[in-house]
Amino acid sequence: MKKFKQELARRVAEAAGRQIDPAEVLSLLEAPPEPEMGDLAFPCFTLSKKLKQSPAKIAGELAGKLKAEVSTSFKQVEAKGPYLNFFFAEAALARETLTDIRHQADRFGGSEEGQGQTVVIDYSSPNIAKPFHIGHLRSTVIGAALCRIYAALGYQPIGINHLGDWGTQFGMVMAAYSESPDEAELEEHPIRYSLKLYTEFNRRAEAEEAAREQARQWFRRLEAGDPEATALWQKFRDLSLQEFQRIYTRLGISFDHYMGESFYNDKMEDAITRVEKAGLMEKGEDGAELVRLEEEKMPPLLLRKSDGATLYATRDLAAAIFRWERYHPARILYVVGTPQELHFRQLIRVLEKMGCDWAQNLVHVKFGHVQGMSTRRGTAVFLEDVLDEAAARAREKIAENVKAGKLDPASATEELAEAIGIGALIAQDLKNRRERDVVFDWDQALNFDGETGPYLQYTHARICGILRKSGKPVPEKADFGLLSEPETRELLKALARFPEAVERAGQENEPSLITDCLFELTKVFNVFYNTHRVIGSGRSLEEARLLLVDSVRQVLKNGLTLLGIQPLEKM
RNA sequence: GCGCUCGUAGCUCAGUUGGAUAGAGCAGCGGACUUCUAAUCCGCAGGUCGCAGGUUCGAGUCCUGCCGGGCGCGCCA
């Protein structure tokens with residue numbers, strides 16, 4: 001598709017007598033609203049301003065000039081009002097995209113743009129001692145998808161789980177536990193138990209200053225390296241991590257590093273010293289240390305409490321410096337919810353003030369807040385419960401299919417149910433633009449009809465069914481001129497759009513662009529499927545369609561893999 | 001109070017960076033399985049793009065104001 005656009009841009013610029021350069025034409029090219037209007041359109045408004053003529057007249061003149069030139073890529077040009085509409089020669093479109101997909105296979109959709117560059121991606125980052133609820137799913141699933149997308153674009157992604165394993169809240173858990181430890185319960189249900197300790201203590205702390213002080217004291221001991229505090233902390237951390245890992249395994253996610261907040265414990269003094277050297281540190285009313293940001297109309301960034309303990313911001317500052325010095329990444333992404341927007345704006349600004357020019361490469365990849373998930377109020381929906389329910393729902397549907405003879409009993413495994421259930425949840429999270437707030441809804445999350453994960457997987461499985469049952473190998477090439485029905489052309493265009501979707505998904509840190517592209521592809525495929533047959537359509541046509549259908553399978557597989565959804569062969 | 005953000009069909013959302021007649025899915029109604037999986041497809045119905053101004057050849061998209069929701073705002077993370 002890119003080649004087509006470039007060629008077209010060159011020729012339009014040529015025909016316009018170089019009044020506009022090819023790059024500008026390229027950026028103006030768009031898809032016409034209706035297929036009958038052509039495959040690519042060039043709106044003449046910009047040119048109209050430059051030439052001081054009506055856009056319709058320009059379109060007409062350009063069409064006249066371009067019509068004379070015969071091209072192997074375009075069979076027709078026509079002016080329609082202010083638009084110049086182009087029609088692909090279908091054999092060319094088919095040849096171009098299908099051979100690209102065939103040759104690049106699993107790499108189709110990727111590029112080399114990131115060669116030699118590293119991207120640090122901070123994502124998931126749950127709090128130790130708190131349950132993993134569906135609010136954490138967003139960061140996890142978006143971050144993991146971004147890791148794969150950047151890898152496909154040639155970058156070296158480094159996925160970091162910035163665990164919330166430090167801070168005063170942790171002091172609360174330790175204070176509560178030390179009062180009446182129940183070791184058996186801790187071993188058995190580490191998170192549920194920690195949560196109980198936390199919520200109960202938190203309730204007390206809201207009323208009693210003594211409790212708050214007790215928690216702060218435990219945290220100070222921890223920061224100072226007190227052996228008892230450290231041992232207790234280590235235990236809670238290890239046990240919680242085991243539970244998180246169980247979830248990550250189910251989601252098919254692994255991190256390059258678990259470098260939580262605690263990792264920066266010995267790096268914070270250095271960070272603070274740098275802030276002081278830059279002359280930015282000021283004392284607050286009660287002896288707290290902070291950086292004022294009045295000029296930028298932001299509240300100050302607090303880096304040390306009046307009792308000497310550090311804060312979340314201190315750790316994030318140390319983490320940013322550490323990441324830059326260790327990896328020299330082209331970008332550092334923070335896949336963190338939109339409520340923390342101010343925090344990151346402050347952090348980036350402080351780094352800039354310190355003279356760190358690389359701070360401009362820090363990106364807060366923010367996503368909408370999942371409403372109504374409060375651990376403290378107990379309204380959070382636990383992710384594991386949702387995963388279980390999704391798998392159960394899939395299991396039922398699989399049983400129906402077996403009963404109806406659509407699926408062989410041997411394929412009806414637990415892994416299949418799991419893959420479908422999780423596919424539904426991931427797609428649900430990756431189908432809307434990140435920044436929107438979401439309200440968790442069981443029915444919506446577990447729906448398998450329409451634009452859902454299972455729909456994408458089902459389409460993939462249908463194609464695998466065709467390839468399996470045809471009993472013939474997929475040919476290298478075919479008579480591309482046969483792939484000219486409207487349904488087929490739409491399919492070819494949808495395939496050709498995939499690489500641009502991946503590229504944009506990386507540029508905008510927006511995996512939903514890929515999900516969108518896949519839904520469009522599957523929709524046009526299913527229309528094709530319902531109007532044309534592959535098997536038994538006649539020797540050369542069958543070959544051409546096998547190649548076409550196999551390309552759809554390949555692109556679907558590549559896209560699903562980027563999103564973290566398993567492409568299934570039967571379901 | 002200040003700041004950020006969102007407001008599009010009954011519900012959940014797209015809308016290609018300001019362009020052609022505002023599109024999908026769900027839910028509703030009506031159709032299509034002796035034929036490559038009906039977790040599919042086709043059709044119908046559903047809209048004052050929150051409201052009011054402004055910018056211009058052209059605004060769902062940009063600017064201002066208002067209304068409504070969400071989030072945040074120095075010792076939590």
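Residues numbered from 1 in each chain as written. Chains lettered and ligands numbered in written order. Predicted model: local features only at pLDDT ≥ 70, side-chain atom pairs only at ≥ 80, totals over all residues. Heavy atoms only, no water.

Looking at this structure, I do not really get the overall build of chain A. What am I missing?
In terms of helices and strands, chain A carries 21 helices and 13 strands. Seen along its three principal axes, the alpha-carbon backbone of chain A occupies a region of about 85 × 65 × 35 Å. Every one of the 571 residues in chain A was classed for burial, and the buried ones make up 54%. Taking the contacts inside chain A whose residues are at least 6 apart along the sequence as the reference set, 74% of them involve residues at least 24 apart. If you sum the accessible surface of chain A, you get close to 25600 Å²; carbon and sulfur atoms cover 48% of it. (Helix = DSSP H or I, 4+ residues; strand = E, 2+ residues; numbered from the N terminus. Buried < 20%, exposed > 50% of the residue type's maximum accessible area, 1.4 Å probe, protein only. Contact = heavy atoms within 4.5 Å. Areas by Shrake-Rupley, 256 points an atom, 1.4 Å probe, with all protein chains shown as cover.)

I'm lost on unusual backbone geometry in this one. Help?
A negative phi angle characterises most non-glycine residues, just as the trans form characterises most peptide bonds. We note that Lys 52 has phi near 55 degrees; this positive angle belongs to a residue other than glycine. Looking at where Lys 52 falls in the secondary structure, it is placed in the loop between α3 (45-51) and α4 (55-68). For Lys 52, a relative accessible area of 73% puts it in the exposed group.

How should I be thinking about the nonpolar core in this particular structure?
One broad trend across soluble globular proteins is that nonpolar side chains are buried collectively. Counting residues in hydrophobic clusters, the biggest one holds 180 residues, and the most contacted among them are Phe 42 and Leu 351. The element contributing the most residues to this core is helix α21 (residues 539-563), with eleven residues. When residues are assigned to domains, this core turns out to be shared by domain 1 (2-88) and domain 2 (167-252), each giving three or more. Beyond its immediate sequence surroundings of up to four residues, Leu 351 is in contact with Leu 317, Ala 320, Ile 321, Cys 356, Trp 358, Ala 359 and Leu 362. Grouped together as the second largest cluster of nonpolar side chains are twelve residues, Ala 394, Ile 420, Ala 424 and Met 571 included. (Core = buried A, V, L, I, M, F, W, Y, C linked by side-chain atoms within 4.5 Å. Domains from an automatic or database assignment.)

I would appreciate a short explanation of helix α11 (residues 227-251) in the present structure.
Working note: α-helix, 3.6 residues per turn, so residues spaced by three or four point in the same direction. Look at α11: 36 Å from first C-alpha to last across 25 residues, which is about the 36 Å you get at 1.5 Å a residue. At the N-terminal end of α11, a side-chain oxygen is found 3.3 Å from the backbone nitrogen of Glu 228, two or three residues along, and the residue is Asp 226. (Expected span 1.5 Å × (residues − 1). Polar contact = N/O pair within 3.5 Å; in protein donor to acceptor, adjacent residues only side chain to side chain.)

Help me out: how do you make sense of the protein's contact with RNA strand B in this one?
As a structural note, the neighbourhood of RNA strand B is formed by 65 residues, with Tyr 83, Lys 305, Tyr 458, Lys 469 and His 532 the closest of them. Considering RNA strand B, the proportion of its atoms within 4 Å of the protein that are sugar or phosphate atoms stands at 65%. For RNA strand B, a sugar or linking oxygen lies 3.3 Å from a polar atom in the side chain of Lys 406. Elements with a minimum of two residues in the surface near RNA strand B: α3, β3 (83-88), β9 (298-304), α14 (341-353), α15 (383-403), α18 (453-470) and α20 (512-531). (Near = heavy atom within 4 Å.)

Even after reading the chapter, I still don't get the sheet that holds strand β7 (residues 281-283), so can you show me in this structure?
Reading across the sheet, the three strands line up as β7-β8-β9 and stay open at both edges, with antiparallel pairing between neighbours. Every other strand in the sheet has two partners, leaving β7 and β9 as the edge strands with one partner each. Averaged over all adjacent pairs, the angle separating strand axes in this sheet is 45 degrees, with direction ignored. The pairing of β7 with strand β8 (residues 289-293) spans three bridges and is classified as antiparallel. From the neighbouring strand, Met 281 faces β8, where its bridge partner is Val 291. Here helix α12 (residues 268-277) sits on the sheet and contacts β7, β8 and β9; the angle it forms with β9, its principal contact strand, is near 130 degrees. The strands touched by α14 within the sheet are β8 and β9, with β9 carrying the most contacts at an inclination of about 75 degrees. (Pairing = 2+ DSSP bridges. Axes fitted to C-alpha atoms, helices over the stretch in contact; angles between N-to-C directions.)

Teacher, can you tell me more about α21 here?
Between its first and last C-alpha, α21 extends 36 Å over 25 residues, near the 36 Å set by a 1.5 Å rise per residue. With 20 of 25 residues buried, α21 lies mostly within the body of the structure. Residue Gly 564 follows α21 closely and has a positive phi angle near 95 degrees.

Help me understand the packing of aromatic side chains, please; the structure alone is not making it clear to me.
In this description, a pair of aromatic rings is defined by centroid distance and the angle of the planes. Summed over the entire model, instances satisfying the criterion amount to 25 aromatic pairs. Residues Trp 324 and Trp 358 carry aromatic rings whose centres are separated by 5.4 Å and whose planes lie at 10 degrees to one another, so their mutual orientation is stacked. Residue Trp 324 is located in helix α13 (residues 312-327), and its partner Trp 358 is located in the loop between α14 and β11 (362-364); the two are separated by 34 residues in the primary sequence. The class for Trp 358 is buried, based on a relative accessible area of 9%. Seen in terms of ring centroids, Phe 440 and Trp 442 are 5.4 Å apart; in terms of plane orientation they differ by 75 degrees. Their pairing is edge-to-face. In this structure Trp 442 comes out as partly exposed when scored by relative accessible area, which is 33%. (Phe/Tyr/Trp six-rings, centres within 6.5 Å; stacked < 30°, edge-to-face > 60°.)

Got a minute to help me understand the pattern of salt bridges in this structure?
Any two side chains of opposite charge can pair if their charged atoms end up close together. As enumerated under the stated definition, the model contains 50 salt bridges in all. Salt-bridge contacts for Glu 7 lead to Arg 11; the nearest nitrogen and oxygen are separated by 3.7 Å. Of this pair, Glu 7 and Arg 11 are both found in helix α1 (residues 2-15), four residues apart, which corresponds to roughly one turn of the helix. Owing to a relative accessible area of 17%, Glu 7 belongs among the buried residues under this scheme. Under the relative-accessibility criterion, Arg 11 is labelled buried at 15%. The partner of Glu 325 in a salt bridge is Arg 274, and the shortest N-O contact between them spans 3.0 Å. Taken together, the positions of Glu 325 in helix α13 and Arg 274 in helix α12 put the pair 51 residues apart, joining distant regions of the chain. Residue classification places Glu 325 among the partly exposed residues on the basis of a relative accessible area of 43%. Several salt bridges share partner residues, and in doing so they unite Glu 209, Arg 212, Glu 213, Arg 216, Arg 220 and Asp 307 into one network. (Salt bridge = Lys/Arg side-chain N within 4 Å of Asp/Glu carboxyl O.)

Would you mind showing me how to read the sheet that holds strand β4 (residues 118-122) here?
Within a sheet, each strand pairs with its neighbour through backbone hydrogen bonds, oriented either parallel or antiparallel. Reading across from one edge, β6-β5-β4-β10-β11 is the order of the five strands in this open sheet, with parallel pairing throughout. The open sheet has two edge strands with one neighbour each: β6 (257-258) and β11. Summarising the sheet, β4 and strand β5 (residues 156-161) pair through five bridges and their orientation is parallel. When the sheet's bridge partners are listed, Val 120 is paired in β5 with Ile 158. Across the sheet, α13 lies against β4, β5, β6, β10 (331-334) and β11, angled at about 145 degrees from β10, the strand it touches most.

In short, shape yes, function no, at least from these values alone.
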